[in-house]
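Here's the letter readout for the chains.
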Amino acid sequence: MVPDVFDLHVLALKRTYERLPAGTLLQWITEGRIAPTDQVRSPGSSSWQAVRDVPMLMAAMPAGAAREPSLHMELDPEQAADAAAAWESYRPRRRHEDVELDMTPMIDVTFQLLIFFMLTNALANASPVDLPRAVHGEGMSPDGVQMILVDDQGRYYLGEKVDPQFERPLEQLVKQVERNASQLGGGMPVIISAHRQTKHAQVRQLVEALGTIGNLGKVRLGVEEAQ
């Protein structure tokens, strides 16, 4: 017949619990608070018996607990169950329980995203490029021809495009053409492109002003091709 109460002797604590209800003892064994080597006896008996030698008690022992006493057997079995659970949270983990997170892939992705945003930002906000002036002077073509443009309002431009930064009064334009010619050593040809609505007097005035340049080459008038 199984007794209703037991005397329990916890070896790790060197402490004896007298007349402990069988239900409480089984609960402590199930929760892992009792080691297989701890001893029990019937109240009034003088002989102690290991828990592992009592089949009914050993059947309630958690799997694997029969090999050796757990470290937390040094805790008082009467402590609350959450104390034992707290011990479980900081107990040393076995090798197979260790969990490590490999950060190498995350670092690689971070650097790739950083490079991507740096490149896209550089392309979206391109720095202005300061183009150098022509080697032979303003309004010169690559083959060394001075280009002059006259728009429909009679304004003069150095080059082939109507651009406010290249607009010059007639006197300044003539001086710049003279400087360009001197850089080339004389004989610089000039091509004048006039808008179809430009007055003839304005073109003639420009040609006469260019005629005052002694080392200038031939002056030609640009012709618009027929459509």
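Structure first, text after, so check above.
Residues numbered from 1 in each chain as written. Predicted model: local features only at pLDDT ≥ 70, side-chain atom pairs only at ≥ 80, totals over all residues. Heavy atoms only, no water.

## Concerning the sheet that holds strand S2 (residues 15-21)
1) Next: If you trace the 4 strands from one edge of the open sheet to the other, you get S2-S1-S3-S4, paired in antiparallel fashion. Strands at the two margins of the open sheet, each flanked by one partner only, are S2 and strand S4 (49-50).
2) Next: In this structure, strand S1 (residues 5-10) lies alongside strand S3 (residues 39-41), joined through 3 bridges in antiparallel fashion. Looking across to S3, one finds that Asp7 is bridged to Arg41.
3) Next: Running at roughly 125 degrees to S2, helix H1 (residues 22-30) makes contact with S1, S2 and S3 of the sheet. (Pairing = 2+ DSSP bridges. Helix = DSSP H or I, 4+ residues; strand = E, 2+ residues; numbered from the N terminus. Contact = heavy atoms within 4.5 Å. Axes fitted to C-alpha atoms, helices over the stretch in contact; angles between N-to-C directions.)

## Observations regarding the sheet that holds strand S7 (residues 167-168)
Hydrogen bonds between backbone atoms are what pair the strands of a sheet, whose relative direction is either parallel or antiparallel.
1) Next: Spatial strand order, S7-S6-S5-S8-S9: 5 strands in an open sheet with mixed pairing. Two strands close off the open sheet at either side, each with one partner strand: S7 and strand S9 (216-221).
2) Next: Relative to S7, strand S6 (residues 156-158) runs antiparallel, the two sharing 2 bridges. What sits directly across from Tyr156, in S7, is Arg168.
3) Next: Packing of helix H6 (residues 200-210) onto the sheet brings it into contact with strand S5 (146-150), S6, strand S8 (188-194) and S9, and relative to S8 it is tilted by some 170 degrees.

## So, the nonpolar core
The nonpolar side chains of a soluble globular protein tend to be buried, and buried together.
1) Next: Formed by 18 residues in total, the largest nonpolar core has its most connected members in Ile148, Val177, Leu206, Leu210 and Leu216.
2) Next: Broken down by secondary-structure element, the contributors of at least two residues to this core are S5, S6, helix H5 (170-184), S8 and H6.
3) Next: Looking at this core element by element, the count peaks at 5 residues for H5.
4) Next: Beyond its immediate chain neighbours, meaning those up to four positions away, Ile148 contacts Tyr157, Gly159, Leu173, Val177, Val190, Ile191, Ile192, Ser193, Leu206 and Leu210.
5) Next: Residues Phe6, Leu8, Ala22 and Ile29 belong to the second largest nonpolar core, which totals 15 residues. (Core = buried A, V, L, I, M, F, W, Y, C linked by side-chain atoms within 4.5 Å. Buried < 20%, exposed > 50% of the residue type's maximum accessible area, 1.4 Å probe, protein only.)

## Notes on the pairing of S5
1) Next: With respect to burial, S5 is a largely interior element, 5 of its 5 residues being buried.
2) Next: Of the two faces of S5, the one lined by Gln146, Ile148 and Val150 and the one lined by Met147 and Leu149 are each fully buried.
3) Next: When S5 meets S8, the two strands line up parallel, connected through 5 bridges. Along S8, the bridge assignment pairs Gln146 with Val190.
4) Next: Where S5 and S6 come together, 3 bridges link them in antiparallel fashion. Bridge pairing in S6 links Val150 to Tyr156.
5) Next: The turn linking S5 back onto S6 is made up of 5 residues, and Gly154 within it adopts a positive phi angle of 80 degrees.

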